[in-house]
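Here's the letter readout for the chains.
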Amino acid sequence: MPGMLDKVLIGTAGAAGLGVVAWQTTFPWIKYDIQLMKLGKYLMKIREEVMNSFLIDLFETHADKQPKKAMLIFEDSVYTYEFMELQANRVANAVRCLGLGFGDTVAMMIHNEPAFIWTFLGLQKLGISVAFINFNLRTKPLSHSILACDPKAIIVGHGLDLLHAVSDILDDLEGLPIYIQGCTDSDVPQGMNGLDSLMAQSLPVRIDRSVRKDMTMESILCYIYTSGTTGLPKPAFISQGKGTGISLVLQAVKLSAEDVVYTCLPLYHSSGGGIGLFGVIERGATMILVGKFSARNFWSDCRKYGATVIQYIGEIFRYVLAQPPHELDGVHNIRAAMGNGLRKDIFKAVQERFKIPLICEFFGATEGMTMLINIANRPGAIGRLSPLLSKIDPDVKALVKFDYTTAQPLRDKNGRCIKVKIGEPGLFLSKVPDLIRQTKETVHVYKASEEANEKKLVRNAFVDGDLYFNYGDVFSLDKDYFLYFHDRIGDTFRWKGENVSTTEVANVLSLLPFISDANVYGVQVPGHDGRAGMAAITLKEGNKMTEAQLKQLYQLCEDDLASYARPLFLRVLSQAVLTSTFKQQKFNLVQEGYDLTKVTDPLYYHNSSAQTYSPLTAQVLPTFLQSKL
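Below you will find a few notes about this structure. Counting restarts for each chain, with residues numbered from 1 along the sequence as it is written. With pLDDT at 70 or above as the cut-off, local features in this predicted model cover only qualifying residues; side-chain atom pairs require 80 or more to be listed or tallied, and sums for whole chains, interfaces and linings still use all residues. To get the side-chain values, take all heavy atoms of the structure and skip hydrogens and water.

As for the overall build of the chain
So the rule is basically this: Helix and strand assignments come from DSSP, with helices taken as H or I runs of at least 4 residues and strands as E runs of at least 2, each series counted from the N terminus. Atoms considered for the radius of gyration are the C-alpha atoms alone. The globule rule reads 2.2 Å times the number of residues to the power 0.38. Only protein chains enter the accessibility calculation, which uses a 1.4 Å probe. A residue is then buried if its area is under 20% of the maximum for its type, exposed if over 50%, and partly exposed in between. Contacts were defined at the residue level, with two residues in contact if any of their heavy atoms lie within 4.5 Å.
Looking only at helices and strands, the chain features 21 helices and 30 strands. Against the globule reference of 25 Å for 629 residues, the chain gives a C-alpha radius of gyration of 25 Å, in line with a compact fold. For the chain, the spread of C-alpha atoms along the three principal axes comes to 80 × 70 × 60 Å. For the chain, with 629 residues in total, the buried portion stands at 57%. Long-range pairs, those at least 24 residues apart, make up 70% of the contacts in the chain between residues at least 6 apart in sequence.

Right, here's the structure in full:
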């Protein structure tokens, strides 16, 4: 590939009949492509070094070579590679005594704490696939997520909140063995088992690698859940090979073994657990793990523990930026921040106030086939899609015209997708790699139904037989060929760094006997990234909600939905808004949002202090929007 890149560059210069300086003047955007191509060469070199390595093997190698080095810093305690190795060995030996082994799947619901990491590593030593369960889930979404990966057992971490969450769904788990951390045998509830006593009895000796001799790059490393486009959370397949690939994402900022990565993102997600944890494991670096994000302590923690690289989502920097200015704001060892969702309106403010040399914004999806990355410090950009890059990899990525209602590409008279022009919003597609198509009879991105998988694929997009992945995200392109996030369409929106399935929320709301239909969507809120949840509901009798019904609806959301999935706004419709084919119509509802000058239907807001949904008025709205939503 490097030779090919050079030929393209030489050809471009030759065609213009200009010297290097001259054609860079003629095509000023090419300097950004060259920057990306240099990174590409570096990444290829690193990938060649580890492409056939399993993460668990890399971890064991680091534990042998640098046993006393800090792998993890958590709440003022330092956990060395040697200690994490010993704990992982205990997990492996304990789990092996339970009859679990290579090829099995174990679900794991553990807070951001050291036990998450050593439990994951211990299971990997046996070649067990690990399902990362979101610890915010409750009731049906939780039981569905656990059972969706067909586990042989679930390990539940410390915390009464997790214990109660699992206790509430005990009957739904169909006798699945449950192992609890942080409980003595006498405190373990009936129907569950204690893991700590088994850990105490097991030896901290390493299990020979021959136990996982049948493991290949196609073997499942873990399942990371995504809302996808419809329904309840879906487990996305993360193979051993993909896991190693994810571990290299931090190489965009050239992560080294000397780096200290600050992570306050949940480890059950692909950013914190995949890019962060896997990246630290691959390099043998150090991670500062935060149990719960604190805007007040963010920079003091970075200074205290010597962080050099930050992981972020856009919301984090909004909260940090809202803190009172401090004379030490720019005093730290941070050389790069890597994440997504940092919008253009605060990009420069963050970089200038906190003196961060490089903010590396990227776009990717857990179940996706490619990544976009902005290493040029271009405010708000998530990557590039230039003529030169497209010439190198023709039609690998594309922005196409689409139907807002179906979230599917529009086709021309020949049945082909239609690429958009500069400045025009387009649905992002990326080609399914030929290697994946050659090694699998059918392409599965989720451990779910054929229908769910097929909905994410676009066939015969540009030529007969091609296959593309539909991200459901809309981007636009500027004159320098930088890509910018425009919108998310379909049945998913993002709030508080989490994907929210509108179908999942609607199904919960529809449990109430007085609701005939629930149409859920995301709406923009000033000063917040992503979209807040809003539900347009239709009542079975009349169109007026009673106070008792509003309280009942509020309590249902508290009990059955994660905090980020609870609708912040309600709209009571006189009749459901449907398309000509009787599907829910969201576009106009989204455009009107909670605008009191446009909406004549009754509007309500999530009133946590009164524990109900209260009428939304012009007097209440400003205060609510300024509150900590």
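After that view of the structure, there is still more to cover.
Side note on the nonpolar core
This is how it is decided: Residues enter a nonpolar core if they are buried and are Ala, Val, Leu, Ile, Met, Phe, Trp, Tyr or Cys, with the set joined through side-chain atoms within 4.5 Å.
Ranked by size, the top nonpolar core spans 143 residues in total, and within it I117, F132, L553 and F569 carry the most contacts. Take this core: its biggest share by element is seven residues, from helix α6 (residues 114-125). Those residues in contact with F132 that sit more than four places away from it in its chain are M108, F116, F120, C222, Y223, I224, Y225, L267, Y268 and F278.

A few points about the side chain of E361
Our working definition: Asp and Glu count as negative and Lys and Arg as positive, but His and the ends of the chain are not part of the count. Salt bridge criterion: a side-chain nitrogen from Lys or Arg within 4 Å of a carboxyl oxygen from Asp or Glu. Two N or O atoms form a polar contact when they lie within 3.5 Å of each other; inside protein one atom must be a possible hydrogen donor and the other a possible acceptor, and for residues adjacent in sequence the pair counts only when both atoms belong to side chains.
Tracing the backbone through its elements, the reader meets E361 in strand β14 (residues 359-363). There is no salt bridge for the buried E361, and the closest opposite charge comes from R343, which lies 5.0 Å off by N-O distance. One polar contact links the side chain of E361 to the main-chain amide nitrogen of G341, over a distance of 2.5 Å. The residues touching E361, leaving out its near neighbours within four places in the chain, are Y312, G339, N340, G341, L342, L372, I373, N374, A381 and I382.

Quick word on the packing of aromatic side chains
Selection rule: Pairing of aromatic rings covers Phe, Tyr and Trp, the last through its six-membered ring, and needs centres within 6.5 Å; plane angles under 30 degrees mean stacked, over 60 mean edge-to-face, and all others mean tilted. We call a charge positioned over a ring when the NZ of a Lys or the CZ of an Arg lies within 6 Å of the ring centre and within 35 degrees of the ring normal.
Per the counting criterion, the structure on display carries 32 aromatic pairs. On the basis of an interplanar angle of 55° and a centroid distance of 5.8 Å, the ring pair of Y79 and F83 is categorised as tilted. Look at Y79 and you get buried, because its relative accessible area is 17%. On the basis of relative accessible area, F83 is assigned to the partly exposed category, the value being 35%. Consider the rings of F363 and F475, whose centres lie 4.9 Å apart with planes at 80°: the pair is edge-to-face. Taken together, the residues span a long stretch of sequence, with F363 in strand β14 and F475 in strand β22 (residues 467-477) at a distance of 112 residues. Residue F363 is classed as buried on the basis of its relative accessible area of 10%. For F475, a relative accessible area of 0% translates into the label buried. Each member of the aromatic cluster is reached from another via a ring pair, and the members are Y262, F293, F298, W299, Y312, F317, Y319 and F354. The side chain of K254 reaches across the aromatic face of Y42, ending 4.9 Å from its centre. The cationic tip of K419 hangs over the ring face of F462; the distance from NZ or CZ to the ring centre is 5.1 Å.

Considerations on helix α14 (residues 344-354)
Formally: Read the arc as the range of directions from the helix axis to the C-beta atoms.
Taken together, the buried positions of α14 are occupied by I346, F347, V350, Q351 and F354. One side of α14 holds all its buried residues, which, seen down the axis, span an arc of 140°. Seen from the open side of α14, the exposed residues pointing more than 90 degrees away from its buried face are D345, K348 and E352. The secondary structure elements touched by the buried residues of α14 are α12 (298-305), α13 (314-321) and β14. Trailing α14 by a residue or two, K355 shows a phi angle of about 55°, which is positive.

Concerning the state of the cysteines
Put simply, the rule is: Criterion for a disulfide: a pair of cysteine sulfur atoms within 2.5 Å.
This structure, assessed with the given rule, holds zero disulfides. Counting only cysteine sulfurs, C302 is the nearest neighbor of C360, a cysteine outside any disulfide, at a range of 17 Å.

A word on the pairing of strand β12 (residues 309-313)
Rules: In short, DSSP must find at least two bridges between two strands for them to pair.
Burial of β12 is extensive: five of the five residues sit out of reach of the surface. The sheet contact formed by strand β10 (residues 260-263) and β12 spans two bridges and is parallel. Its bridge partner being in β12, V261 is matched across the sheet by V309. Alignment of β12 against strand β13 (residues 336-340), held across five bridges, turns out to be parallel. Considered in β13, the bridge of Y312 is made with G339.

Considerations on unusual backbone geometry
One non-glycine residue, D76, adopts positive backbone phi at about 70°. Mapped onto the elements of the fold, D76 is located in the loop between β1 (70-74) and β2 (77-80). Among the residues examined, D76 registers a relative accessible area of 53% and is labelled exposed. Despite not being glycine, D150 has its phi angle at roughly 50°, a positive value. Relative to the elements of secondary structure, D150 occurs in the loop between α7 (139-148) and β5 (153-156).

Here's the deal with the pattern of salt bridges
Under the definition given, this model contains 31 salt bridges. Of the charged contacts, one joins D33 and R384 as a salt bridge, the two residues approaching to 2.7 Å between their closest N and O atoms. One end of the pair, D33, is in helix α3 (residues 30-50); the other, R384, is in strand β16 (residues 381-384), and 351 residues separate them in sequence. Using a relative accessible area of 6% as the deciding quantity, one classes R384 as buried. Among the salt bridges present, the one from K213 reaches D214, with a minimum N-O distance of 3.6 Å. When its relative accessible area of 49% is taken as the criterion, D214 is described as partly exposed.

A short note on the sheet that holds β13
The following threshold applies: Axis definition: a line fit to C-alpha positions, over the contact stretch in the case of helices; interaxial angles, taken between N-to-C directions, run 0 to 180 degrees.
Across the sheet, which stays open at both edges, the eight strands sit in the order β2-β1-β11-β10-β12-β13-β14-β15 with mixed pairing between neighbours. Each edge of the sheet is formed by a strand with only one pairing partner; in this case those strands are β2 and β15 (372-374). Across this sheet, the average inter-strand angle for adjacent strands is 20°, counted without regard to direction. Lying over the sheet, helix α5 (residues 81-97) contacts β1 and β2, oriented at roughly 70° with respect to β2.

What about the environment of A349?
Mapped onto the elements of the fold, A349 is located in helix α14. For A349, a relative accessible area of 33% puts it in the partly exposed group. Taking C-alpha positions, A349 is 10.0 Å from R318, a pair spaced 31 residues apart along the chain.

Points about the sheet that holds strand β30 (residues 612-615)
Read from one edge to the other, the open sheet built from five strands follows the order β26-β27-β28-β29-β30, with strand pairing classed as mixed. Every other strand in the sheet has two partners, leaving β26 (515-523) and β30 as the edge strands with one partner each. Taking each pair of neighbouring strands and ignoring which way they run, the sheet shows an average axis angle of 30°. Strand contacts of helix α19 (residues 547-560): β26, β27 (532-539), β28 (569-573), β29 (603-607) and β30, with the helix running at about 130° to β30, the strand carrying the most contacts.

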